[in-house]
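# Coordinates in review
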Amino acid sequence: QVQLVESGGGLVQAGRSLRLSCAASGSILRPNTRGWYRQAPGKQRELVADITRTGSTNYADSVKGRFTVSFDNVKNTVYLQMNSLQPEDTAVYYCRWTQTTGYTYWGQGTQVTVSS
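Residues numbered from 1 in each chain as written. Predicted model: local features only at pLDDT ≥ 70, side-chain atom pairs only at ≥ 80, totals over all residues. Heavy atoms only, no water.

Turning our eyes to something else, we now look at the overall build of the chain. Within the chain, the secondary structure is distributed over zero helices and 11 strands. Tracing the chain from N to C terminus, the helices and strands come up as β-β-β-β-β-β-β-β-β-β-β. For the chain, whose C-alpha radius of gyration is 14 Å, the value lies close to the compact-globule estimate of 13 Å for 116 residues. Its C-alpha atoms give the chain principal-axis dimensions of about 40 × 25 × 25 Å. Each of the 116 residues in the chain was classed as buried or not, and the buried ones make up 42%. Across the chain, every contact between residues at least 6 apart in sequence was considered, and the portion connecting residues at least 24 apart equals 53%. (Helix = DSSP H or I, 4+ residues; strand = E, 2+ residues; numbered from the N terminus. Rg over C-alpha atoms; globule rule 2.2 N^0.38 Å. Buried < 20%, exposed > 50% of the residue type's maximum accessible area, 1.4 Å probe, protein only. Contact = heavy atoms within 4.5 Å.)

Put into structure tokens, the structure is as follows:
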């Protein structure tokens, strides 16, 4: 069975950067979109950024200009480059891949904590 393995989270001061990675174990057939959601304590999970097979991207308004989502075809890995991090970015970040069939795969989540 396919699993998404996340890495790159941690504790960082405001203004610094982190890069999250998400790699698939095994093959995901008919891939559609790849991206990231986050969930802060007491809040619902929200879309952060995603990217389609054609390279088009979608970002939450709160992260535009600071975060960049990308995909490496050779390594079969999706990334989230997070610059100018702020305390409000603190959350558990979840990788998400979808297939054209509509099926969705989720990563295990990685904690990002931004201190003042």
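Read on for the rest.
Attention now moves to the packing of aromatic side chains. The geometry of an aromatic ring pair comes down to the distance between the two centres and the angle between the two planes. The full count for this structure, using the stated rule, is three aromatic pairs. Centroid distance Tyr37 to Trp106: 5.3 Å. Interplanar angle 70 degrees. Geometry classified as edge-to-face. Within this pair, whereas Tyr37 is found in strand β4 (residues 31–39), its partner Trp106 is found in strand β10 (residues 104–106), the two being separated by 69 residues in sequence. Take Tyr37: its relative accessible area is 17%, and that puts it in the buried class. Its relative accessible area of 37% is what places Trp106 among the partly exposed residues. Considering the side-chain rings of Phe71 and Trp97, the 5.8 Å spacing of their centres and the 80 degrees angle between planes classify their relative orientation as edge-to-face. Here Trp97 lies in strand β9 (residues 91–99) and Phe71 lies in strand β7 (residues 67–72), a separation of 26 residues in the sequence. Sitting over the face of the ring of Tyr94, Arg45 holds its NZ or CZ atom 3.8 Å from the ring centroid. In this arrangement the basic side chain of Arg45 is found over the ring face of Trp106, its NZ or CZ atom lying 4.8 Å from the centre. (Phe/Tyr/Trp six-rings, centres within 6.5 Å; stacked < 30°, edge-to-face > 60°. Lys NZ or Arg CZ within 6 Å of the ring centre and 35° of its normal.)

A word on the pairing of strand β11 (residues 110–115). Side chains Thr110, Val112 and Val114 of β11 all project onto a buried face; the interleaved residues Gln111, Thr113 and Ser115 project onto a face where none is buried. Here strand β2 (residues 10–13) runs beside β11; their pairing, made up of four bridges, is parallel. Looking at β11, one finds that Gly10 is bridged to Val112. Two strands pair when backbone bridges link them, and β9 and β11 are joined in this way by three bridges, in the antiparallel orientation. For Val92, the partnering residue across the bridge sits in β11 and is Gln111. (Pairing = 2+ DSSP bridges.)

Before going further, it helps to spend a moment on the side chain of Arg96. Position of Arg96 among the secondary structure elements: in strand β9. Despite its burial, Arg96 pairs with no opposite charge, the nearest such side chain being Asp50 at 4.1 Å. Not counting residues up to four positions away in its chain, the partners in contact with Arg96 are Leu4, Thr33, Arg34, Gly35, Tyr37, Asp50, Thr104, Tyr105 and Trp106. (Lys, Arg positive; Asp, Glu negative; His and termini not counted. Salt bridge = Lys/Arg side-chain N within 4 Å of Asp/Glu carboxyl O.)

Here we take up the environment of Arg38. The topology assignment puts Arg38 in strand β4. Arg38 sits in the buried class, given a relative accessible area of 6%. The spatial distance from the C-alpha of Arg38 to the C-alpha of Thr110 is 9.3 Å, given a sequence separation of 72 residues. Here the side chain of Arg38 touches Ser62 through a polar contact of 3.3 Å, side chain to side chain. (Polar contact = N/O pair within 3.5 Å; in protein donor to acceptor, adjacent residues only side chain to side chain.)

These results come straight from atomic positions and should not be treated as a statement about function.
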